[in-house]
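# Inside the fold
Residue strings, one per chain:
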Amino acid sequence: MANLELTTAYREAYSRINGLVIVGEGLADRHFRLLAGLLPDEREDLEQLAAMEGRHARDFLGCGRSLGIRPDLPLAHRLFAPLHRLFAEAIRAGDRVSALVIQCLIVESFAVAAYRCYQPVADPYAAPILREVLEDEAEHLDYGERWLAAWFPDVAAPIAACCERALPVALAMLQDVRDDLTVIGIDPLDLVGEFVACFEETLEKVGFQPRQARGLVARLAGRACHEAAPASIESC
Ligand SMILES: [Fe+2]
Ligand SMILES: [Fe+2]
């Protein structure tokens, strides 16, 4: 995709989405390092995951640069602030379950869903990067699933409580950029659908029954869509 072919609307939307991706990856790097402080026995593994996230942030910065587009980082920091605040509160409280649910289940499911939806419309520079990043994100999901599954069912109620707080916050962020997603070729409802499928699968791997996972996600996803855009509740 040559720079000249990009419309102003595309460049502006891409700048905001690319900023969100770069800040999300940078925060994931910080989150895994903070998790390493809570789980000292797993420090080495968690620092490796953090390093992968740092690499993703640099790779996606390169994607914007290859198109001659600067990411809107200040906006992305503002949009990520509520979710990052929830994560930081969990870390301060020594709440390992909530910290793992927010980063390893919610953020990683979002990353997987977003990158899967972007793949069909990605430019030739970004396409191979997305393929590699998706493999890494699957590994990060797997890390959280295995850790939480080892403590299931003791952690079932705390996981559900954390989802109650954090899932609507994450879904509201998506609503904030729905127009930009459309401009770069991603249907926001496809992205919600992909996220819901990915998150239900992850809850099942942790130990929830399919019916419980479906119920939890459907209720929270529906509520978040309704709060952000009442008119679109039926399509969510
Ligand atoms: Fe990542
Ligand atoms: Fe990740």
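For the structure itself, consult the block above.
Below or above, wherever it landed, is the structure these notes cover.

Rules used in this analysis
- Residues numbered from 1 in each chain as written.
- Chains lettered and ligands numbered in written order.
- Predicted model: local features only at pLDDT ≥ 70, side-chain atom pairs only at ≥ 80, totals over all residues.
- Heavy atoms only, no water.
- Helix = DSSP H or I, 4+ residues; strand = E, 2+ residues; numbered from the N terminus.
- Rg over C-alpha atoms; globule rule 2.2 N^0.38 Å.
- Buried < 20%, exposed > 50% of the residue type's maximum accessible area, 1.4 Å probe, protein only.
- Contact = heavy atoms within 4.5 Å.
- Lys, Arg positive; Asp, Glu negative; His and termini not counted.
- Charge placed at Lys NZ, Arg CZ, Asp CG, Glu CD.
- Donors = N, O, S within 2.8 Å, 3.2 Å for Na, K, Ca; no water.
- Expected span 1.5 Å × (residues − 1).
- Salt bridge = Lys/Arg side-chain N within 4 Å of Asp/Glu carboxyl O.
- Phe/Tyr/Trp six-rings, centres within 6.5 Å; stacked < 30°, edge-to-face > 60°.
- Axes fitted to C-alpha atoms, helices over the stretch in contact; angles between N-to-C directions.
- Parallel < 35°, antiparallel > 145°, perpendicular 65-115°, else oblique.
- Left-handed = near helix turned anticlockwise from the far one by under 90°.
- Nonpolar A, V, L, I, M, F, W, Y, C, P; charged D, E, K, R; others polar.

## Focus on the overall build of the protein chain
When its secondary structure is counted, the protein chain shows nine helices and zero strands. Sequence-ordered secondary structure for the protein chain, helices as α and strands as β, is α-α-α-α-α-α-α-α-α. Relative to a compact globule of 236 residues, whose C-alpha radius of gyration would be 18 Å, the protein chain shows 17 Å and is just as compact. C-alpha atoms of the protein chain, sized along the principal axes, occupy 55 × 45 × 25 Å. Each of the 236 residues in the protein chain was classed as buried or not, and the buried ones make up 53%. For the protein chain, long-range pairs separated by at least 24 residues make up 80% of all intrachain contacts whose partners lie at least 6 apart in sequence. Of the charged side chains in the protein chain, 23 are positive and 36 negative, and the gap between their average positions amounts to 4 Å.

## Description of the coordination of the iron ion (ligand 2)
At this site the iron ion (ligand 2) is bound by Glu53 (OE), Glu108 (OE), Glu108 (OE), Glu137 (OE) and His140 (ND1), with donor distances of 2.0 to 2.3 Å. A relative accessible area of 1% means that Glu137 is categorised as buried.

## Here we look at helix α2 (residues 43-66)
Taking 1.5 Å as the rise per residue, α2 with 24 residues should run 34 Å; its terminal C-alpha atoms sit 35 Å apart, in good agreement. Along α2, the residues that are buried comprise Leu46, Leu49, Ala50, Met52, Glu53, Gly54, His56, Ala57, Phe60, Gly62, Cys63 and Gly64. Looking at the packing, one finds that the buried side of α2 touches α1 (8-38), α4 (96-118) and α5 (126-149). Gly68, located one to two residues past α2, shows a positive phi value of around 70 degrees.

## What to know about the pattern of salt bridges
Overall, the coordinates contain seven salt bridges when judged by the stated rule. Across the pair Arg16 and Asp180 runs a salt bridge whose closest N-O atoms are separated by 2.7 Å. With a gap of 164 residues between them, Arg16 in helix α1 and Asp180 in helix α7 (residues 178-183) connect regions that are remote in the sequence.

## Considering the packing of aromatic side chains
According to the stated counting rule, one finds six aromatic pairs in the structure shown. Taken together, a centroid distance of 5.9 Å and an interplanar angle of 25 degrees make the contact between Tyr10 and Tyr14 stacked. Within this pair, Tyr10 and its partner Tyr14 are both found in helix α1, separated by four residues, close to a single helical turn. Here the aromatic residues Phe110, Phe195 and Phe199 are joined through ring pairs into a cluster of three or more.

## Thoughts on the coordination of the iron ion (ligand 1)
Perfect tetrahedral coordination of a metal by four donors corresponds to 109.5 degrees between them, and perfect octahedral coordination by six donors corresponds to 90 or 180 degrees. Every protein donor of the iron ion (ligand 1) is listed here as Glu25 (OE), Glu25 (OE), Glu53 (OE), His56 (ND1) and Glu137 (OE), and their distances to the metal cover 2.0 to 2.8 Å. Linear spacing of the donor residues for the iron ion (ligand 1) on their chain is E-x27-E-x2-H-x80-E. Distance-wise, the iron ion (ligand 2) is placed 3.4 Å from the iron ion (ligand 1), both being coordinated by Glu53. Placement of Glu25 in helix α1 and of His56 in helix α2 is noted, with a sequence separation of 31 residues between them. Each of the two residues, Glu25 as well as His56, counts as buried.

## Considerations on the packing of α4 against helix α8 (residues 188-206)
Where α4 contacts α8, the two axes come as close as 8 Å, and the packing angle between them is 135 degrees. Here α8 runs oblique to α4, going by the angle between their axes. For the element pair α4 and α8, the recorded crossing hand is right-handed. Residue-level contacts link Leu105, Ile106, Ser109, Phe110, Val112, Ala113, Ala114, Arg116 and Cys117 of α4 to Asp190, Leu191, Glu194, Phe195, Cys198, Phe199, Thr202, Leu203 and Val206 of α8. Among the residues forming the contact of α4 with α8, the class breakdown is 13 nonpolar, two polar and three charged.

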